[in-house]
Amino acid sequence: MKKRVAWMSGTWLTTRAWLLMLPLLVVMISVIGWPLVDTVGLSFTDAKLVGTAGNFVGIDNYVKMLSGSNFQRTLITTAWFAIVSVAAEMVIGVLAALLLNQQFRGRTALRALMILPWALPTVVNATLWRLIYNPEYGALNAALTQLGLLDAYRSWLGEPATALAALIVADCWKNFPLVALIALAALQAVPRDITAASLVDGAGPFARFRFVILPYLAGPLMVALVLRTIEAFKVFDIIWVMTRGGPANSTRTLSILVYQEAFSFQRAGSGASLALIVTLLVTLLAAGYAALVRKTAGSAA
């Protein structure tokens, strides 16, 4: 009898939980589920952005997108942007967190100032850096010429050789504070007695970081790595504001290619297929990172 009552009680709690979640589920299905289903259906047609619904073409859109040279070059550009920018953000963020974890005058003010780039809207950040890189009156050209490192002003965003690197710098300046804040919060959990004991044992700075501090940073940094990699892989706004994918498509990422295919060229069908390909790539990336996080957490336990 007691088991039956407990089973009925557990069933009622589960039912009530689902009833409480029902409004959220309805909203999620309406906002996410239906547009996703509609996009999947659209990707199998040759529909235009304006006009008729289009004819069924099967997987032709997917084959054309995956085999096209535009997609392959753009995928390489996107991967390079994500790898370099995220790696730089992780290194700079950890170094900034280690610095701000020390005791010195003005530390609180410096912590507040560090949040400023991350708090700025991305469009504002992109506009600021576009002005800094301006080939006629940009601050970067002025500083380099006055220091004697540059003979003449350069168009940093107008040259394929420097445009992507300039965008990576702007993206790092915008997002490294997020990594720094996560790392700084993790540093607060490092026991002071362990750090003091390592100093007594004669451990140097690198040894203390490797064997004392890094184990406490590994989990939070993995979360930061997952978040930043996914964001960098689907980056759109900062590149669109600064270069619109140019010059000569040297900074065109997958998200910009989706926008151009669907809206600039008004090919809604192929644009939908490309959007789903990007979604699948991001999902696989997130799943891989999630498995890595679970493995890291399991080994730490």
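A brief structural summary. (Residues numbered from 1 in each chain as written. Predicted model: local features only at pLDDT ≥ 70, side-chain atom pairs only at ≥ 80, totals over all residues. Heavy atoms only, no water.)

**What to know about the environment of P191**
Alright, step 1. Position of P191 relative to the elements: it lies in the loop between α7 (160-187) and α8 (192-200).
Alright, step 2. The exposure class assigned to P191 is partly exposed, which follows from its relative accessible area of 24%.
Alright, step 3. Once the C-alpha coordinates of P191 and D38 are considered, the two residues, 153 residues apart in sequence, prove to be 53 Å apart. (Helix = DSSP H or I, 4+ residues; strand = E, 2+ residues; numbered from the N terminus. Buried < 20%, exposed > 50% of the residue type's maximum accessible area, 1.4 Å probe, protein only.)

**Describing the pattern of salt bridges**
Alright, step 1. All told, the structure shown has five salt bridges when counted by the stated rule.
Alright, step 2. Linking R154 and E159 is a salt bridge whose minimum nitrogen-to-oxygen distance equals 2.6 Å.
Alright, step 3. For R154, a relative accessible area of 29% gives the class partly exposed.
Alright, step 4. Overall, E159 belongs to the partly exposed group, its relative accessible area being 25%.
Alright, step 5. Of the charged contacts in the structure, one is a salt bridge between D171 and R228, with a shortest N-O distance of 3.2 Å. With D171 in helix α7 and R228 in helix α9 (residues 205-233), this pair connects stretches of sequence that are 57 residues apart. Assigned by exposure class, D171 and R228 land together as buried.
Alright, step 6. Within the structure, one salt-bridge network assembled from shared partners comprises E89, D171 and R228. (Salt bridge = Lys/Arg side-chain N within 4 Å of Asp/Glu carboxyl O.)

**Remarks on the side chain of R228**
Alright, step 1. On the basis of relative accessible area, R228 is assigned to the buried category, the value being 5%.
Alright, step 2. For R228, the contacting residues outside a window of four places in its chain are V86, E89, D171, N175, L178 and V179. (Contact = heavy atoms within 4.5 Å.)

**With respect to the layout of surface pockets**
Alright, step 1. Considered as a void within the structure, the largest pocket measures approximately 340 Å³ in volume.
Alright, step 2. Lining of the largest pocket is provided by 13 residues; of these, L98, N101, Q102, T195 and I213 occupy positions nearest its centre.
Alright, step 3. Secondary-structure elements contributing two or more residues to the lining of the largest pocket are α8 and α9.
Alright, step 4. If you tally residues by element for the lining of the largest pocket, the top one is α9, at four residues.
Alright, step 5. By residue class, the composition of the lining of the largest pocket is seven nonpolar, four polar and two charged.
Alright, step 6. Around the second largest pocket, the lining is made up of 13 residues, and of these T122, D171, E231, V235 and D237 lie nearest the centre. (1 Å grid on protein atoms, 1.4 Å probe; cavity = no way out; pocket = protein on both sides within 12 Å on 5 of 7 lines; lining within 4 Å. Points joined across faces, edges and corners; volume = space filled by probe spheres on them. Nonpolar A, V, L, I, M, F, W, Y, C, P; charged D, E, K, R; others polar.)

**Remarks on unusual backbone geometry**
For residues other than glycine, phi is negative in most cases, and the peptide bonds are mostly trans.
Alright, step 1. Residue P247 is reached from G246 by a cis peptide bond, and omega for that bond is -5°.
Alright, step 2. Tracing the backbone shows P247 in the loop between α10 (237-242) and α11 (254-264).
Alright, step 3. Backbone geometry places R244, a non-glycine residue, at a positive phi of 55°.
Alright, step 4. Topologically, R244 is positioned in the loop between α10 and α11.

**Description of the side chain of T74**
Alright, step 1. Mapping T74 onto the fold places it in helix α3 (residues 69-100).
Alright, step 2. Judged by its relative accessible area of 3%, T74 is buried.
Alright, step 3. In this structure the side chain of T74 is engaged in a polar contact, spanning 2.6 Å, whose partner is the backbone oxygen of N70.
Alright, step 4. Discounting chain neighbours no more than four positions away, the residues touching T74 are R252, T253, L254 and L257. (Polar contact = N/O pair within 3.5 Å; in protein donor to acceptor, adjacent residues only side chain to side chain.)

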